[in-house]
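Structural description and commentary
Here's the letter readout for the chains.
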Amino acid sequence: GAVVSQHPSRVICKSGTSVKIECRSLDFQATTMFWYRQFPKKSLMLMATSNEGSKATYEQGVEKDKFLINHASLTLSTLTVTSAHPEDSSFYICSATGLAATPDTQYFGPGTRLTVL
Amino acid sequence: DAKTTQPPSMDCAEGRAANLPCNHSTISGNEYVYWYRQIHSQGPQYIIHGLKNNETNEMASLIITEDRKSSTLILPHATLRDTAVYYCIVRLDGATNKLIFGTGTLLAVQP
């Protein structure tokens, strides 16, 4: 139980385009989802927290107009990287908490590797 | 949230127990100790968490000192697949509370 999926696993896009990443909780209802970013050889950095049906809360330094987060249902959150640039290339990982076996534990997706050319 | 201190790297022989230490001297009374691991190029995997008492599950054991200022994650019989970065994180309980990742310990299990 407590499985989180992400799609796509890898994406390559041109500079200036937008990319949408999906995060789904497959076997539980995720009341809260988190989005992280990880650069090579670095630790995970929290970008934002989203609760179903409400606006996301962004961490300091994360541009909310560039990283659009939607959490429209209890099983799906999306992160859209708008007008992507090479410096946005990173490993994006989501996590979810909610009505799982251990309710307050965050379960992570497998990550999405974004490369912006 | 309280910060944690972990050694940057450790080695362990395959089949032996791996003991990963973590210091969290500023932990508050209602903060839990969580352990996750991240295998290269994958999302983090939840291992175990605890508040005061020692905990054990199918993956590992968590030993928390009586003063709660440090803990040890024990993998009883390490395998090559246990090679990963292990993160010790203290966090308030509650679904909306954040996990703040430090740099973790890179455990290398040697054949």
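Throughout, residues of each chain are indexed from 1 in the direction in which the sequence is written. Chain A is the first chain written and ligand 1 is the first ligand written, with later ones labelled in order. Where local features are concerned, this predicted model is filtered to residues with pLDDT of at least 70; where side-chain atom pairs are given and counted, the filter is 80 or more; whole-chain, interface and lining totals use all residues. With hydrogens and water set aside, each side-chain value is computed from the structure's full complement of heavy atoms.

**Re the sheet that holds strand E5 (residues 55–56) of chain B**
Residue and element names in this part refer to chain B. Strands sit in the order E2-E7-E6-E5 across an open sheet of 4 strands; the sheet is antiparallel. Each edge of the open sheet carries a strand with a single partner, namely strand E2 (18–23) and E5. Strand pairing is defined by DSSP finding a minimum of two bridges between the two strands. The helix count covers DSSP runs of H or I at least four residues long, the strand count covers runs of E at least two residues long, and both are numbered beginning at the N terminus. Sheet topology note: the strand E6 (residues 61–64)/strand E7 (residues 70–75) ladder contains 4 bridges and is antiparallel. Note that in E7 the partner of leucine 62 across the bridge is leucine 73.

**Regarding the environment of isoleucine 100 of chain B**
Residues and elements named next belong to chain B. Note on placement: isoleucine 100 falls in the loop between strand E8 (84–92) and strand E9 (105–110). Classification of isoleucine 100 as partly exposed rests on a relative accessible area of 45%. For the pair isoleucine 100 and threonine 4, spaced 96 residues apart in sequence, the C-alpha separation works out to 9.9 Å. Each residue is assigned to one of three classes by its accessible area relative to the maximum for its type, calculated with a 1.4 Å probe on protein chains only: buried under 20%, partly exposed between the two thresholds, exposed over 50%.

**Regarding the packing of aromatic side chains**
For any two aromatic rings, the description comes down to two numbers: the centre-to-centre distance and the angle of the planes. Pairing of aromatic rings covers Phe, Tyr and Trp, the last counted by its six-membered ring, and requires centre-to-centre distances within 6.5 Å; plane angles under 30 degrees mean stacked, over 60 mean edge-to-face, and any other angle means tilted. Taken as a whole and assessed by the stated rule, the structure comprises 12 aromatic pairs over all chains. When the ring of phenylalanine 108 of chain A is compared with that of tyrosine 36 of chain B, the centres are 5.4 Å apart and the planes differ by 80 degrees; the resulting orientation is edge-to-face. Residue phenylalanine 108 of chain A is found in strand E10 (residues 107–108), and its partner tyrosine 36 of chain B is found in strand E3 (residues 31–38); the two belong to separate chains. Accessibility assignment for this pair places phenylalanine 108 of chain A and tyrosine 36 of chain B in one class, buried.

**Looking at the nonpolar core**
As used in this record, nonpolar core signifies buried Ala, Val, Leu, Ile, Met, Phe, Trp, Tyr and Cys residues forming a set joined through side-chain atoms within 4.5 Å. Membership of the largest hydrophobic core comes to 41 residues, with the highest contact counts inside it found for Tyr36, Phe108 and Leu114 of chain A together with Tyr36 and Phe101 of chain B. Contacts between residues were defined by any pair of non-hydrogen atoms, one from each residue, lying within 4.5 Å. Beyond its immediate chain neighbours, meaning those up to four positions away, leucine 114 of chain A contacts Val11, Cys13, Val19, Val81, Asp88, Ser89, Ser90 and Tyr92 of chain A. Counting 21 residues, the second largest nonpolar core, distinct from the first, contains Leu75, Ala78, Cys88 and Val109 of chain B.

**Concerning the interface of chain A and chain B**
Interface size is commonly expressed as the accessible surface area that is lost when the partners come together. Between chain A and chain B, the contact holds 23 residues from the first and 20 residues from the second. The term buried area denotes the loss of accessible surface (1.4 Å probe radius) that occurs when two parts are joined, taken as the sum for both partners. Across the chain A/chain B interface, buried area totals approximately 1,600 Å², and carbon plus sulfur atoms make up 53% of it. On the chain A side of the contact with chain B, Ser43, Asp104 and Phe108 of chain A bury the most area, a combined 30% of that side's loss. Salt bridges are defined by distance alone: a side-chain nitrogen of Lys or Arg within 4 Å of a carboxyl oxygen of Asp or Glu. Linking chain A to chain B there are 1 salt bridge. Residues glutamate 59 of chain A and lysine 98 of chain B are paired through a salt bridge, measuring 3.0 Å at the closest nitrogen-oxygen approach. Under the rule applied, a polar contact is a pair of N or O atoms within 3.5 Å (in protein, one hydrogen donor and one hydrogen acceptor; residues adjacent in sequence only if both atoms are side-chain atoms). Along the contact surface separating chain A from chain B lie 7 residue pairs in polar contact (both at pLDDT 80 or more). If you list the elements that add at least two residues to the side of chain A that touches chain B, you get strand E4 (30–38), strand E5 (45–51), strand E9 (90–98) and E10 of chain A. Split by residue class, the side of chain A that touches chain B holds 9 nonpolar, 11 polar and 3 charged. Polarity classes work like this: nonpolar for Ala, Val, Leu, Ile, Met, Phe, Trp, Tyr, Cys and Pro, charged for Asp, Glu, Lys and Arg, and polar for all others, with Gly in that last group.

So yeah, pure geometry; function would need other evidence.
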